[in-house]
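# Descriptive analysis of the structure
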Amino acid sequence: MSIPVLTIDGPSGAGKGTVSRLAAKKLGWHYLDSGSIYRSLALAVAKQGVDLADEAAIVSVAEKMHLEFECEIDLTVRLNGIDVTAEIPLESTGAIASTVAAIPDVRRVLLQKQRDFKQLPGLVADGRDMGTVVFKEAPFKVFLTASVGERAMRRYKQLIEKGIDANLIQITNEIEERDRRDRERATAPLAMASDALYLDSSDMTIDSVVEEVLNLVRTGLNERSQS
Ligand code: DC
């Protein structure tokens, strides 16, 4: 039997992380937070003082970086043996991640690292191009979005809860800027797969989004087992 994959793509702050983790837990499947891979590269690039205009040097950092993910309750990320979990969610990390993610050779290098997560009994993959590029063949695809105001407020609360200083207006501007970069890049831009279920979570609870996502998977798995 082929390994089932559920892809959840969408802009930052739409709730993909929370929904994907909960769905993976309920299904008993593995979880790929592809944004953390780009964020780890961003940290590696920043720590090594690489110029963001030097694409060849960034690709070389991507080729050499060693990543370890541990997903118990929360995700722990080790980059070249060092725990960088606390730096992963910072908006400054996200902004560099979005810049390095626009380099086509970076995406090529990181493709296999992401595909390696596809293992039995199944995978929930969260990102921007999971359903359109990385797991194009996935039987279950969701495009999860929310209004900019709602996404900014969620990110703001997340950061405050983690004890990180945050400014709502600045976050709103950063989200708009990151959306624009992720949507307008030439390679694997943020876009909805034609066979994805569209969900706008602005006025939905997390539980109802998870329920819709699980319905999609369970209905599909039932149909598969009957055919
Ligand atoms: O989902 P996130 O906010 O952690 O992602 C950080 C950045 O990484 C995002 O702005 C664009 C990039 N990214 C990407 O290009 N493709 C993915 N599949 C996931 C993230």
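Counting from 1, residues in each chain are numbered in the order their sequence is written. It should be noted that, the model being predicted, local features are given only for residues of pLDDT at least 70 and side-chain atom pairs only at 80 or more, the latter also being counted only at that level, while totals for whole chains, interfaces and linings use all residues. Hydrogens and waters are ignored; side-chain quantities use all the structure's heavy atoms.

The next subject is the confidence of the model for the protein chain. The predictor reports its confidence for every residue as pLDDT, a score running from 0 up to 100. In this model, the protein chain carries an average pLDDT of 93, and 99% of its residues clear a pLDDT of 70 or more. The lowest-confidence element of the protein chain is strand β3 (residues 67–71), averaging 86 in pLDDT; the highest-confidence one is strand β1 (residues 5–9), averaging 98. Helix and strand definitions follow DSSP, with helices as H or I runs of at least four residues and strands as E runs of at least two, each counted in order from the N terminus.

Under the convention used throughout, the expected extent of a helix is 1.5 Å for every residue step, that is, one less than its residue count. Between the first and last C-alpha of helix α2 (residues 34–47) there are 20 Å, a value that for 14 residues agrees with the 20 Å anticipated at 1.5 Å per step. Among the 14 residues in α2, 11 count as buried, and that is most of the element. Note on exposure labels: buried denotes an accessible area under 20% of the residue type's maximum, exposed denotes more than 50%, and partly exposed covers the range between, all computed with a 1.4 Å probe on protein chains only. Among all positions in α2, only S34, S36, I37, Y38, R39, S40, L41, A42, L43, A44 and V45 are buried. Positive backbone phi, at 65°, marks G49, one or two positions downstream of α2.

Here, a strand pair is defined by DSSP locating no fewer than two bridges between the strands. The sheet built from 5 strands is open, its strands ordered β2-β6-β1-β7-β8 with parallel pairing. Single-partner strands in this sheet number two, and they are β2 (30–33) and β8 (197–200). Each strand axis lies, on average, 20° off the axis of its neighbour in the sheet, ignoring direction. Pairing between strand β7 (residues 140–145) and β8: 4 bridges, direction parallel. What counts as an axis is a line fitted to C-alpha atoms, over the stretch in contact for a helix, and the angles between N-to-C directions run from 0 to 180 degrees.

Turning next to the nonpolar core. One finds L41, V106, L110 and F135 to be the most contacted residues of the largest nonpolar core, which totals 33 residues. Within the residue set of this core, elements represented by two or more residues are α2, α3 (55–64), β4 (75–79), α4 (91–100), α5 (104–115), β6 (123–127) and α6 (130–134). Examining the composition of this core, we find that 7 residues originate from one element, α2, more than from any other. What we call a nonpolar core is a set of buried Ala, Val, Leu, Ile, Met, Phe, Trp, Tyr and Cys residues that are connected through their side-chain atoms within 4.5 Å. In this structure, A14, Y31, V209 and V213 belong to the second largest nonpolar core, which totals 19 residues.

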